[in-house]
Amino acid sequence: MSTDTEALETARREAVFVAERPWGQFQQFVLNQVCTVKLITVEPGHRLSLQKHGERDEMWQVLDVPLDVQVGEKQWTAEVGEVVYTPAGSLHRLGNSGTKAGRILEIAFGSFDEADIERLHDDYARPEQD
């Protein structure tokens, strides 16, 4: 990972903060930036394609159950509450080897277009770009 990418990842992670309130708390992930927010559900035994994007970074927060994550060559099980960063151009994949559906909150920073997906491997035989 380049120094510029590491600096951007650090800045994105540091922008996430928790504010305590008398009624509980809130987490803020982004403020006044161009971004797209999605809620992604992965059913048990399924996974997204191994993919990369040229025009956007993504940050995920695991919401319900631990999920299988790959970013670059690194693979692990991300726990509930964990924040995962995928810089533009990095290979990444999300899967669910558990028994219950799991969700992530995805924040895509930068220009968002589903046509920007470059699939390197897909379990569902979809085209490389969709």
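Residues numbered from 1 in each chain as written. Predicted model: local features only at pLDDT ≥ 70, side-chain atom pairs only at ≥ 80, totals over all residues. Heavy atoms only, no water.

**Digging into the nonpolar core**
Link 1 in the chain: The biggest cluster of nonpolar side chains holds 12 residues, and these are Ile40, Val42, Trp60, Val62, Val65, Leu67, Val69, Val71, Ala78, Val84, Leu94 and Ile104.
Link 2 in the chain: At the level of secondary structure, the elements contributing two or more residues to this core comprise strand E3 (35–42), strand E6 (56–62) and strand E7 (67–71).
Link 3 in the chain: Of the residues forming this core, the biggest block, three residues, is contributed by E7.
Link 4 in the chain: With residues up to four places along the chain from it excluded, the contact list for Leu94 reads Val42, Arg47, Leu48, Trp60, Leu67, Asp68, Val69 and Ile104.
Link 5 in the chain: Listed in part, the seven residues of the second largest apolar core include Met59, Val83, Ile107 and Phe109. (Core = buried A, V, L, I, M, F, W, Y, C linked by side-chain atoms within 4.5 Å. Buried < 20%, exposed > 50% of the residue type's maximum accessible area, 1.4 Å probe, protein only. Helix = DSSP H or I, 4+ residues; strand = E, 2+ residues; numbered from the N terminus. Contact = heavy atoms within 4.5 Å.)

**Some words on the packing of aromatic side chains**
Link 1 in the chain: For the structure on display, the rule yields zero aromatic pairs.
Link 2 in the chain: The residue whose ring lies beneath Lys74 is Trp76, and the NZ or CZ to ring-centre distance is 4.7 Å. (Phe/Tyr/Trp six-rings, centres within 6.5 Å; stacked < 30°, edge-to-face > 60°. Lys NZ or Arg CZ within 6 Å of the ring centre and 35° of its normal.)

**Some words on the pattern of salt bridges**
Link 1 in the chain: If you walk through the whole model with that rule in mind, you get eight salt bridges.
Link 2 in the chain: As a salt-bridge pair, Glu114 and Lys38 come within 2.7 Å of each other at their nearest N and O atoms. Of this pair, Glu114 sits in the loop between strand E11 (102–110) and strand E12 (117–121) while Lys38 sits in strand E3, placing them 76 residues apart in sequence.
Link 3 in the chain: With its nearest N and O atoms 3.9 Å apart, the salt bridge here joins Arg119 to Asp122. Comparing Arg119 with Asp122, the two get one shared label, buried.
Link 4 in the chain: When salt bridges that share partners are traced, they join Lys38, Glu106 and Glu114 into one network. (Salt bridge = Lys/Arg side-chain N within 4 Å of Asp/Glu carboxyl O.)

**Considering the pairing of E11**
Link 1 in the chain: Pairing geometry for E3 and E11, over eight bridges, is antiparallel. Within E11, the residue paired with Ile40 across the bridge is Ile104.
Link 2 in the chain: For E6 and E11, the ladder comprises seven bridges, and the chain directions are antiparallel. Bridge assignment links Arg56 to a residue of E11, and that residue is Gly110. (Pairing = 2+ DSSP bridges.)

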